[in-house]
Amino acid sequence: MSKNLIRAHCNHCVLRAPLFYLLTENELDIINAHRHEVMYNPGEIISKQGSPSGHVLSFVMGLAKAHIESKYHKDDLILRLIKPIELLAGPELYNGNSHHYSVTAITHSHVCFIEQEVFKSVLRSNAAFNEAFLKMNQKRLVESLKKLSGFYQKQQVGRLAEAILYLQKDIFNENPFKPGISKVELAALAGISVGSTYKILKQFNDDRLVRVNGSEMEVLDFEMLQQVSERG
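These figures come from a predicted structure and were not determined experimentally.

Chemist: Report on the overall build of the protein, specifying residues and quantitative values.
Modeler: The number of helices and strands found in the protein is seven helices and 11 strands. Relative to the globule expectation of 17 Å for 232 residues, the C-alpha radius of gyration of the protein, 19 Å, shows essentially globular dimensions. The proportion of buried residues among the 232 residues of the protein is 44%. Partitioning the intrachain contacts of the protein with sequence separation of at least 6 by distance along the chain shows that 71% fall at a separation of at least 24.

See the structure below:
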């Protein structure tokens, strides 16, 4: 069950998102007066697709997944994984008042909720903060377009190779690493079926590209796996 917390003032918090270092003490005071913090257990929903959106989320601890829920299929599409420290302010900030995707905790996670209208008022008052926020969202848009393009241009083996490299480089930055996600979630991240995921992982293991040992994964041949990812 999720649990509310009271932590340090934003002015003194070492877990604040990098963008917040562009704010003045007065602006941080305003943010601090209109926020609350929550701890989530693994599997708990942090924000629900289609539900009303009234807050910007600062993800400060744990690991979560941003995913699109399907009305017609049991498997979701995982857009990306979320790790500390990340500011989550999606299209709903200026485009409708409901979440366009869900965010679910994978591990024990700590999230700071900032009132949306207060956040927008600070954006309007601080040009540097506003510009940095726009750059952050533009970068995420480019990443989403790249992922979408891969679904159309790459075969399943290329999508899974890309997903494994994403986990190793962008999320954990170590090798070997423990993905922290199930094979079902790995399949949803790659946009392929669970059956195909097991089959391709075995192929990668036989070809000495990736070793899977229980909950641990190791990239054995980065160059070749990158070629598989790029060529699809």
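Having put the structure on the table, let's press on.
Chemist: Could you give me a rundown of a nonpolar patch on the surface, with the residues and numbers involved?
Modeler: Residues Leu141, Leu145, Leu148 and Tyr152 make up a contiguous nonpolar surface patch of roughly 460 Å² in combined accessible area. Looking at where Tyr152 falls in the secondary structure, it is placed in helix 3 (residues 127–153).

Chemist: I'd like to hear about the pairing of strand 4 (residues 55–61), residue by residue, with values.
Modeler: Within strand 4, five of the seven residues are buried, which leaves it mostly tucked inside the rest of the structure. Across six bridges, the pairing between strand 4 and strand 9 (residues 109–115) is antiparallel. Its bridge partner being in strand 9, Leu57 is matched across the sheet by Phe113. Where strand 4 and strand 7 (residues 86–88) come together, three bridges link them in antiparallel fashion. The partner of Ser58 across the bridge, within strand 7, is Leu87.

Chemist: For unusual backbone geometry, give the residues involved together with the corresponding values.
Modeler: As a rule of thumb, non-glycine residues mostly have phi less than zero, and peptide bonds are mostly trans rather than cis. Each neighbour pair has its own omega, and for Pro84 with Ile85 the value is -15°, a cis peptide bond. Position of Ile85 relative to the elements: it lies in the loop between strand 6 (77–82) and strand 7. With an omega of 0°, the peptide bond between Asn175 and Pro176 qualifies as cis. By secondary structure assignment, the location of Pro176 is in the loop between helix 4 (156–172) and helix 5 (183–190). Positive phi, normally seen in glycine, also occurs at Asn173, with a value near 50°.

Chemist: Explain the packing of helix 2 (residues 116–125) against helix 3 to me, using residue names and the numbers behind them.
Modeler: Their axes nearest at 5 Å, the elements helix 2 and helix 3 cross at an angle of 115°. Taken as axis vectors, helix 2 and helix 3 run roughly perpendicular relative to one another. Between helix 2 and helix 3, the contacting residues are Phe119, Val122, Leu123 and Ser125 on the first element and Ala127, Phe129, Asn130 and Phe133 on the second. Taken together, the residues that form the contact of helix 2 with helix 3 break down as six nonpolar, two polar and no charged.

Chemist: Just give me the short version of helix 5, but keep the residues and values in it.
Modeler: In terms of burial, helix 5 is a largely internal element, six of the eight residues being buried. Three or more residues of helix 5 are buried, namely Glu185, Leu186, Ala187, Ala188, Leu189 and Ala190. Buried residues in helix 5 make contact with strand 5 (64–68), strand 6, helix 3, helix 4, helix 6 (194–206) and strand 11 (216–219). Phi for Gly191, located one or two positions after helix 5, is positive at around 75°.

Conventions adopted
Residues numbered from 1 in each chain as written. Predicted model: local features only at pLDDT ≥ 70, side-chain atom pairs only at ≥ 80, totals over all residues. Heavy atoms only, no water. Helix = DSSP H or I, 4+ residues; strand = E, 2+ residues; numbered from the N terminus. Rg over C-alpha atoms; globule rule 2.2 N^0.38 Å. Buried < 20%, exposed > 50% of the residue type's maximum accessible area, 1.4 Å probe, protein only. Contact = heavy atoms within 4.5 Å. Patch = residues over 30% accessible without salt bridge, like charges linked within 9 Å, V, L, I, M, F, W, Y side chains within 5 Å. Areas by Shrake-Rupley, 256 points an atom, 1.4 Å probe, with all protein chains shown as cover. Salt bridge = Lys/Arg side-chain N within 4 Å of Asp/Glu carboxyl O. Pairing = 2+ DSSP bridges. Axes fitted to C-alpha atoms, helices over the stretch in contact; angles between N-to-C directions. Parallel < 35°, antiparallel > 145°, perpendicular 65-115°, else oblique. Nonpolar A, V, L, I, M, F, W, Y, C, P; charged D, E, K, R; others polar.

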